[in-house]
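Below are the chains, spelled out letter by letter.
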Amino acid sequence: MRVTVIGAGYVGLTSTLALAHVGHDVVCVETEPSRLVKLKRREDPLGEPGLGALLSVERVSFVVRDSHLKEAEVIIVAVGTPALPNGHPDTSQIDDAARSISSHASAGAAVLVRSTVPVGTCDRLQAGSLRRQFVISNPEFLREGRAVQDTFAPDRIVAGGPEAARPTVVALYSGILDRRNAPSGIVSAPAEVPFLWMTARSAELTKYAANAFLATKLSFANEIANLAALAGADAHAVLGAVGLDPRIGRGHLSPSLGWGGGCLPKDTRALQALAAEHSYDFRVLSAAIEQNEHQITAFAHAIAGEAGAGGRIGLLGLTFKAGTVDTRESPALGLARRLVALRLSVVAYDPMLSEPPSGAPEMTLCADAFSACTDADVVAVATEWPVFSTLDLVRLRGVMRGDALFDGRGVIDRDRAESAGFRYWGVGLAPTPGMPVPVGLGAAESRG
Ligand code: UGA
């Protein structure tokens, strides 16, 4: 099939390469000049595992504008929908894409909206500028750091829209629905991917429901972790055991200083805004969002309490999780922002970053963990980079002024830390005896 993909972000680029890999002819439109230059040179602009190897695939071209859009049987819209200040997604890039499709695409083309959009967006486009095309909601569920794996071996493909377009969508994905076509190295069981067809509104809401459920699961795990620390239990053992129940599932149960990224925070706020629009009080979701804010704030207060006025913090990790260069709504940056507001100085290290990300609070970025922690009163681990689990802790303790280690990801072994002379507190574990329970995590005080 002849396919055009609008947008070369995580969703658009992996869709482009996967569809070309299974035999479609794909034109990918990207308007951001530096990304387009890289793609034309077949360089990976995202740093996603496995993406570089796929970029050599044939049957794909990268352009600033598809002058042959009329030939496209399928047009995939994968542009950004960033949050507006009121929590609603900004759909202006979707509307721009729809205008261009309406002027240049053939009648009867299938337009698949893969961007995360408010419920009702596809129906609105179908009744408006795209009335000559078929508009289908087709949300994407890939994780950053596993984008290629998740695109070739999705848990499910969800799509919804006019029934007449269903065979086109099935034909588009037939090569992916049969996992035997995936490149080697992709986990391939089970053999068939569930294909779920529903209304566009249901498909749109499925995306928000999935991300909101994951966020709620994470906040719940973090509440158990805080309680475990107070009650003298080990949250990692507890949640590991709880997750073995298939009704609960093992994923997204690692406790942390909070959840972030380009999707969960934005999508939970958008779902909250949708609920408000319908005068519906989505209590569980509001609690999950509030818990996350509180988790990061409590962590910051605990660190500030240890560091003392004007103290210096060695912050290890800035990306929102390991395996990505992305720092959007990173809990690490949320922590740094709070620490700076508490008048502490932050000196950071992240294995993937050579300069502070845009929007970061005032901080110094170092080239290694030891430089970041030199003269630090407290070291705080905020991203679960595997390299942090093997740090020479004796050396780290030696360069520091203080002896407190806060592990917000559970990556540093407590016994190793204590043998190296640290007082240790890791999320979900009781602190080293004599170390205060982190301020705010224990008390039933007002949150925020
Ligand atoms: C998330 C969803 O997991 C994907 O299914 C979805 O497609 C994607 O958003 C999207 O909407 O595009 P991603 O943003 O890559 O994927 O992030 P996650 O892997 O879900 O992690 C989110 C946050 O939770 C991170 O800060 C991570 O460190 C944290 N986390 C995750 C934990 O604290 N503990 C865990 O056990 C798992």
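Provided above is the structure to which this section pertains.
Everything quoted here is computed from the prediction, not taken from an experiment.

Caption draft 1: A look at empty space enclosed by the protein. Per the counting criterion, the structure on display carries one cavity of 30 Å³ or more. Space inside the largest cavity adds up to approximately 50 Å³. In terms of lining residues, the largest cavity is bounded by V113, S115, T116, V117, S137, P139, E204 and K207. The residue inventory of the lining of the largest cavity, partitioned by class, reads three nonpolar, three polar and two charged.

Caption draft 2: Inspection of the pattern of salt bridges at higher detail. Tallying each qualifying case throughout the model produces 21 salt bridges. Residues R201 and D123 are paired through a salt bridge, measuring 2.8 Å at the closest nitrogen-oxygen approach. Remark: D123 occurs in helix α5 (residues 121-127) and R201 occurs in helix α8 (residues 200-231); sequence separation between them is 78 residues. One salt bridge in this structure joins E418 and R414, with 3.1 Å as the shortest N-O distance. In this pair, E418 and R414 are both assigned in helix α15 (residues 414-419), four residues apart and thus about one turn of the helix distant. In this structure E418 comes out as partly exposed when scored by relative accessible area, which is 28%. What emerges from the salt-bridge pattern is a single network uniting E144, D326 and R328.

Caption draft 3: Quick look at a nonpolar patch on the surface. On the surface, a cluster of nonpolar side chains totalling about 190 Å² of accessible area is made up of V238, V242 and I248. Taking relative accessible area as the criterion, I248 reaches 39% and is therefore assigned partly exposed.

Caption draft 4: A look at the packing of aromatic side chains. Enumeration over the complete set of coordinates arrives at six aromatic pairs. Taking the centre distance of 6.3 Å and the plane angle of 70° together, the rings of Y280 and F282 count as edge-to-face. Relative to W425, the ring of F406 lies with its centre 5.6 Å away and its plane at 70°, an arrangement referred to as edge-to-face. Residue F406 is found in strand β13 (residues 404-407), and its partner W425 is found in strand β14 (residues 423-426); the two are separated by 19 residues along the sequence. Like W425, F406 is buried. Three or more aromatic residues joined by ring pairs make a cluster, and in this case those are F299, F406 and W425. The ring centre of F141 lies 3.8 Å from the NZ or CZ of R156, which sits over that ring.

Caption draft 5: A look at the layout of surface pockets. Here the second largest pocket defines a volume of roughly 320 Å³. What lines the second largest pocket is a set of 20 residues, and nearest its centre among them are P265, R269, E293, I296 and E329. Listed by contribution, the elements that provide at least two residues to the lining of the second largest pocket are α10 (264-277), α11 (283-307) and α12 (331-341). If you tally residues by element for the lining of the second largest pocket, the top one is α12, at five residues. When grouped by side-chain class, the residues that make up the lining of the second largest pocket number seven nonpolar, eight polar and five charged.

Caption draft 6: Looking closely at α12. Of all the eleven residues making up α12, eight are buried; the element is thus mostly covered by neighbouring parts of the structure. Summarising the contacts, the buried residues of α12 are in contact with α11, β9 (312-316) and β10 (345-349). The backbone nitrogen of A332 lies 3.1 Å from a side-chain oxygen of the residue at the head of α12, namely S330.

Caption draft 7: Layout of the nonpolar core. Counting 42 residues, the largest nonpolar core has F62, L112 and Y173 as the members making the most contacts within it. At six residues, the largest contribution of residues to this core is made by helix α1 (residues 10-21). In contact with Y173, other than residues within four places in its own chain, are L19, L112, R114, N138 and I157. A332, L353, L365 and F406 belong to the second-largest nonpolar core, a separate cluster that totals 30 residues.

Rules of the game
- Residues numbered from 1 in each chain as written.
- Predicted model: local features only at pLDDT ≥ 70, side-chain atom pairs only at ≥ 80, totals over all residues.
- Heavy atoms only, no water.
- 1 Å grid on protein atoms, 1.4 Å probe; cavity = no way out; pocket = protein on both sides within 12 Å on 5 of 7 lines; lining within 4 Å.
- Points joined across faces, edges and corners; volume = space filled by probe spheres on them.
- Nonpolar A, V, L, I, M, F, W, Y, C, P; charged D, E, K, R; others polar.
- Salt bridge = Lys/Arg side-chain N within 4 Å of Asp/Glu carboxyl O.
- Helix = DSSP H or I, 4+ residues; strand = E, 2+ residues; numbered from the N terminus.
- Buried < 20%, exposed > 50% of the residue type's maximum accessible area, 1.4 Å probe, protein only.
- Patch = residues over 30% accessible without salt bridge, like charges linked within 9 Å, V, L, I, M, F, W, Y side chains within 5 Å.
- Areas by Shrake-Rupley, 256 points an atom, 1.4 Å probe, with all protein chains shown as cover.
- Phe/Tyr/Trp six-rings, centres within 6.5 Å; stacked < 30°, edge-to-face > 60°.
- Lys NZ or Arg CZ within 6 Å of the ring centre and 35° of its normal.
- Contact = heavy atoms within 4.5 Å.
- Polar contact = N/O pair within 3.5 Å; in protein donor to acceptor, adjacent residues only side chain to side chain.
- Core = buried A, V, L, I, M, F, W, Y, C linked by side-chain atoms within 4.5 Å.

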